[in-house]
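# A structural walkthrough
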Amino acid sequence: MDNLTHSLTGLVIAKAGLERFSPGATTVCTISANAPDFDFFVLLTQGRWAYLHHHRGITHSIAGVLVLSVLIPTLFYAGELLLARIRKRPRRIRYGWLLLASLIAGATHPLMDWTNNYGVRFLLPWSGKWFYGDLVFIIDPFLWIVLGVAGFLLASRTKIQLTVWSALALILTLGVLFLPQQREAIPYLALFRILWLLVLSGLVVVRRIGVPERFCRSLAMASLAVVLGYWCALAIAHQRAFARADIIARGIAAERREVLREVAAMPMLADPFHWQCISDTDVGTYRYKVSLFGASPAEFERFEKPKGQELRAIELASRDERAEIFLGFARFPLARVRDADCLSATVVQFADLRYTEPGGAPRGTFALDVPIACPEATQK
């Protein structure tokens, strides 16, 4: 998930009751909810391919999250203890409660990341296996609304807090209203924009009225309950979408006499009624969409797996360090050889079909072009 969602989750968890047990719990919860994404520093220091290799790796694993969730409150407590000694006052932080808050908030990060189709490697350093929930798109504006409403009403008491929330709301609103639509465009966009503006207007009214202190904890708990209910509803929708995708995949494989290997139904942006599906056979990979209502379309895209001379070129390109990293990440890797006959520059184009296809528009680390020497020349 995006870091805004992680931050809102940590904030709402603190407001649900954890902040009552120790000063600093809200700050620690917000930091711990984001801490696994500290692997972002790999991108700054070593580049995007090293980042792809390490992202959602050890810091998102069970072991890594435990270490971070203990380290953050420990550093926080040590800093407060040092400050208390300098100012000659008693310490205020209760370490045990701060540790508990950090463990709870930290655990939400890999859980929320697991719900989308990017995946998480829970078992590092012992196993590099990827786990995919395939329930929620990596950015979900509905989660922004649910968690943001509670967070705003519970943490906008001061002028500084209100200014920060207002700036955030302005940036998101400008994005919702004016950003051009991409491939993963929000369906029913006009309806969503109306909903967004209605929610903002309602927040202004409720903010003026004020939320009684005795309702704060209930509001935070209700927000988390709505998120849990939303996940359960998506799990049911995913089960239905996967069943339809599997029927289509088996039909395609049987008609073409191919061996079906894997099927996946993955979420789309702000649309729980349509799912992006991919099926993989021994001969090709197929991409299509299914709808939870009505007949699913029969159209699909077919990507034939390379053979012959192309396989030799792909084998050479796969030895590239970037390609090794990419293939270790890609769930549905595809490869296409441009100019396999070596009339010009021979290039192997890799892509992960979850996000793009070979030769398509550039998609960051989700596609890779590897120039190679002529395969015929390397065989001599």
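Structure's up top.
These numbers come from a predicted model, not from an experiment.

Conventions we followed
- Within each chain, residue numbers correspond to sequence positions counted from 1 in written order.
- Residues qualify for local features only when their pLDDT is at least 70, as the model is predicted, and side-chain atom pairs are given and counted only at 80 or more; totals for whole chains, interfaces and linings, by contrast, use all residues.
- Only hydrogens and water are removed before side-chain values are computed, so all heavy atoms of the structure are retained for them.
- Secondary structure elements follow DSSP: runs of H or I no shorter than four residues count as helices, runs of E no shorter than two count as strands, and numbering proceeds from the N terminus.
- Relative accessibility under 20% of the residue-type maximum defines a buried residue, over 50% an exposed one, and the middle range a partly exposed one, all with a 1.4 Å probe and only protein chains included.
- Here, two residues are considered to be in contact whenever any of their heavy atoms come within 4.5 Å of each other.
- The Shrake-Rupley method, run with a 1.4 Å probe, gives the accessible areas here. Residue values count only the displayed protein chains as cover.
- A pair of strands is considered paired only if DSSP assigns at least 2 bridges between the two.
- Axes here mean lines fitted to C-alpha atoms, for a helix over just the part in contact, with angles spanning 0 to 180 degrees between N-to-C directions.
- In plain words, nonpolar cores are sets of buried Ala, Val, Leu, Ile, Met, Phe, Trp, Tyr and Cys residues tied together by side-chain atoms within 4.5 Å.
- The method works on a 1 Å grid over the protein atoms by themselves. A cavity is a set of points holding a 1.4 Å probe that cannot get out, a pocket is an open set with protein on both sides within 12 Å along at least five of seven lines, and residues with an atom within 4 Å of a point line them.
- Grid points are joined across faces, edges and corners, and a volume is the space filled by probe spheres set on the points.
- Residues are grouped as follows: Ala, Val, Leu, Ile, Met, Phe, Trp, Tyr, Cys and Pro are nonpolar; Asp, Glu, Lys and Arg are charged; every other residue, Gly included, is polar.

Further remarks concern the overall build of the protein chain. Across its full length, the protein chain holds 13 helices and seven strands. Projected onto its principal axes, the C-alpha positions of the protein chain cover 80 × 50 × 35 Å. A burial count over the protein chain gives 45% of its 380 residues as buried. Partitioning the contacts of the protein chain with sequence separation of at least 6, the portion at a separation of at least 24 is 60%. For the protein chain, the accessible area works out to roughly 19700 Å², and carbon and sulfur atoms hold 65% of it.

On to the pairing of strand E6 (residues 346–352). Taking burial as the measure, the seven residues of E6 include seven buried ones, the bulk of the element. Neither face of E6 is exposed, since Thr346, Val348, Phe350 and Asp352 on one face and Val347, Gln349 and Ala351 on the opposite face are all buried. Pairing geometry for strand E5 (residues 333–338) and E6, over six bridges, is antiparallel. Looking at the pairing, Val337 lines up with Val348 of E6. In this structure, E6 lies alongside strand E7 (residues 367–372), joined through six bridges in antiparallel fashion. Looking at E7, one finds that Thr346 is bridged to Ile372.

Moving on: the sheet that holds strand E1 (residues 260–268). The four strands lie next to each other as E1-E2-E3-E4, forming an open sheet whose pairing is antiparallel. With one partner strand each, in any of the chains shown, E1 and strand E4 (301–304) form the two edges of the open sheet. Strand after strand, the sheet turns through a mean of 20° between neighbouring axes, direction not considered. Sheet topology places strand E3 (residues 284–291) next to E4; four bridges connect them, and they run antiparallel. Looking across to E4, one finds that Thr285 is bridged to Phe303.

Next up on the list: the side chain of Ser223. Note that Ser223 resides in helix H10 (residues 213–256). Setting aside chain neighbours within four positions, we find Ser223 in contact with Val12, Val146, Leu147 and Ala150.

Below, the discussion takes up the nonpolar core. Core analysis: the largest hydrophobic core is formed by 30 residues, its most contacted members being Val136, Leu143, Trp165 and Trp196. Counting residues per element, this core draws most heavily on helix H7 (residues 141–154), at eight residues. When sequence neighbours within four positions are dropped, the list of residues in contact with Trp165 reads Leu8, Leu11, Gly148, Gly151, Phe152, Ala155 and Ser156. Of all hydrophobic cores here, the second largest spans 22 residues; its members include Leu52, Ile325, Phe326 and Tyr355.

Time to look at empty space enclosed by the protein. Within the structure shown, the criterion is met by one cavity of 30 Å³ or more. Estimates place the volume of the largest cavity at around 80 Å³. Asp140, Tyr230, Leu234, Met268 and Asp271 are the residues nearest the centre of the largest cavity, which is lined by 14 residues in total. The set of elements that each furnish at least two residues to the lining of the largest cavity consists of H10, E1 and strand E2 (271–281). Examining the composition of the lining of the largest cavity, we find that three residues originate from one element, E2, more than from any other. When its residues are assigned to classes, the lining of the largest cavity shows 12 nonpolar, no polar and two charged.

Time to look at the sheet that holds E6. Taken in spatial order, the three strands of this open sheet run E5-E6-E7, and their pairing is antiparallel. Of all the strands in the sheet, just E5 and E7 have a single pairing partner and so form its edges. The sheet shows a mean angle of 20° between the axes of neighbouring strands, taken without regard to direction. Running at roughly 75° to E6, helix H11 (residues 309–317) makes contact with E5, E6 and E7 of the sheet.

Right, let's talk about the layout of surface pockets for a bit. Considered as a void within the structure, the second largest pocket measures approximately 480 Å³ in volume. Lining the second largest pocket are 22 residues, with Phe152, Trp165, Ala169, Leu200 and Leu203 positioned closest to its centre. Looking at which element gives the most residues to the lining of the second largest pocket, the answer is helix H8 (residues 159–178), with eight residues. Class assignment for the residues of the lining of the second largest pocket results in 17 nonpolar, three polar and two charged.

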